[in-house]
Amino acid sequence: MGKILLIYTGGTIGMIKNQQTGALDPFNFEHLRVHLPELNDCGAEVITIQFNHPVDSSDMSPELWSEMVTIIDKYYQLVDGFVILHGTDTMAYTASALSFMLANIAKPVILTGSQLPIGVLRTDGKENIINAIEYAAAHDQDGNPQIQEVAICFGQKLLRGNRTTKCSADNFSAFTSYNCQPLAVSGVNIKYNSNILLRHNPYLPFSPQSIMDPSVIAITLFPGVNPGIIRNVFALSEIKGIVLRTFGAGNAPRQSWLIDAIKAATDAGKVVVNITQCQQGTVEMGLYTTGNQLHYAGVVSGHDMTVEAAVTKLMCLFAQNLPSDQVRKLMEQPLAGELTV
Ligand code: ASP
């Protein structure tokens, strides 16, 4: 029987209605446990820990990611895997952040939550939690954890955390990973997509990192974007990294003010990463002149990374105080399965 640490951070799954406002508020884990007698009989020993103040995930922060990393590090040798209960709104950011912060992890970290609170009759929370625990406790034929990475379990799919985006505000299948097959699908049986599961490197130690550097911004381009605003944002001294959300295969307007702003930023050591606004597909800056110009201005390709992955990867690399050339290089390489090269 596997031993799982369940970390409750908040989210709809454990929320109850505020009688004054009628809106949902985070609540404590005891409330959740009452509605989840299945926890005592789910084929794994589940121990639990909760944030002092469970949050709506819109209030998630690098400090709370750090708290999760500290807990995982503390229990790393004591349990077989981790399940994190988390609000859906920013779950993809947390999953991406943890995938970079928990470098070379050999055990599963499975995030899940729900669209309906656990106390509601049609809740999706029970199925999601039970599936997540099953994934976290699963071993392969050699006795190694089946999942050795950070993943999101939601609506019968297990998805790579740093490939995932919240795609629906109300559907029970709330998450998709447009550029990566599911790691597993649960029907009557669980089917693992063994070819793509990450395997930790046995020669490298598990190296948790608990700090992030949030000197990062994501900018969405659109026709008519105001040059003055873009110029000013690129020039801000507190910004070290810019995720530029471009059109199609990584294209941007052919305007000298934009190229000048990017050149000035890269000359000042800032890292500008090209991520497409398309949900599916990849950046190919050599394909059109409108993309090529970005390459020559010093922009690095984010390939098929999600915005969530690009933003948190930059935060993680900047926190290591690496020179910007090194950050640029690493942004183009997969560190935790986050991009296809
Ligand atoms: N606002 C909630 C949260 O992200 C939504 C959810 O959990 O589904 O915490």
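Before reading further, recall that the structure is shown in the block above.
Predicted model only: the values in this text are computed from it and were never measured.

1. With respect to the nonpolar core
The biggest cluster of nonpolar side chains holds 56 residues, and the ones touching the most others in it are Ile72, Phe82, Leu98, Leu102, Val109 and Leu314. Looking at this core element by element, the count peaks at nine residues for helix α8 (residues 307-318). With 27 residues, the next largest nonpolar core counts Leu36, Ile133, Leu158 and Leu197 among its residues.

2. Brief notes about the state of the cysteines
Applying the stated criterion across every chain, the model contains zero disulfides. The structure places no disulfide on Cys42, whose sulfur is separated from the nearest cysteine sulfur, that of Cys153, by 13 Å. Sulfur of Cys316: no disulfide; nearest cysteine sulfur belongs to Cys180 and is 19 Å away.

3. Side note on the layout of surface pockets
Of the volumes computed, that of the largest pocket is approximately 470 Å³. Surrounding the largest pocket, 25 residues form its lining, Ser99, Ala103, Asn104, Leu335 and Ala336 being those nearest its centre. Those elements that place two or more of their residues in the lining of the largest pocket are α3 (91-101), β6 (102-103) and α8. The space that makes up the second largest pocket amounts to roughly 280 Å³. Of all the secondary-structure elements, those providing two or more residues to the lining of the second largest pocket are β17 (271-276) and α8. Here the residues of the lining of the second largest pocket are counted per class, giving five nonpolar, nine polar and four charged.

4. Here we look at the pairing of β17
Of all six residues that make up β17, six are buried, and the element is covered over most of its length. Side chains Val271, Val273 and Ile275 project from β17 onto one buried face, and the interleaved Val272, Asn274 and Thr276 project onto a second face that is buried too. Across six bridges, strand β16 (residues 241-246) lies against β17 in parallel orientation. When the bridges of β17 are listed, Ile242 appears paired with Val272.

Each value, and the rule that gives it
Residues numbered from 1 in each chain as written. Predicted model: local features only at pLDDT ≥ 70, side-chain atom pairs only at ≥ 80, totals over all residues. Heavy atoms only, no water. Core = buried A, V, L, I, M, F, W, Y, C linked by side-chain atoms within 4.5 Å. Buried < 20%, exposed > 50% of the residue type's maximum accessible area, 1.4 Å probe, protein only. Helix = DSSP H or I, 4+ residues; strand = E, 2+ residues; numbered from the N terminus. Disulfide = S-S within 2.5 Å. 1 Å grid on protein atoms, 1.4 Å probe; cavity = no way out; pocket = protein on both sides within 12 Å on 5 of 7 lines; lining within 4 Å. Points joined across faces, edges and corners; volume = space filled by probe spheres on them. Nonpolar A, V, L, I, M, F, W, Y, C, P; charged D, E, K, R; others polar. Pairing = 2+ DSSP bridges.

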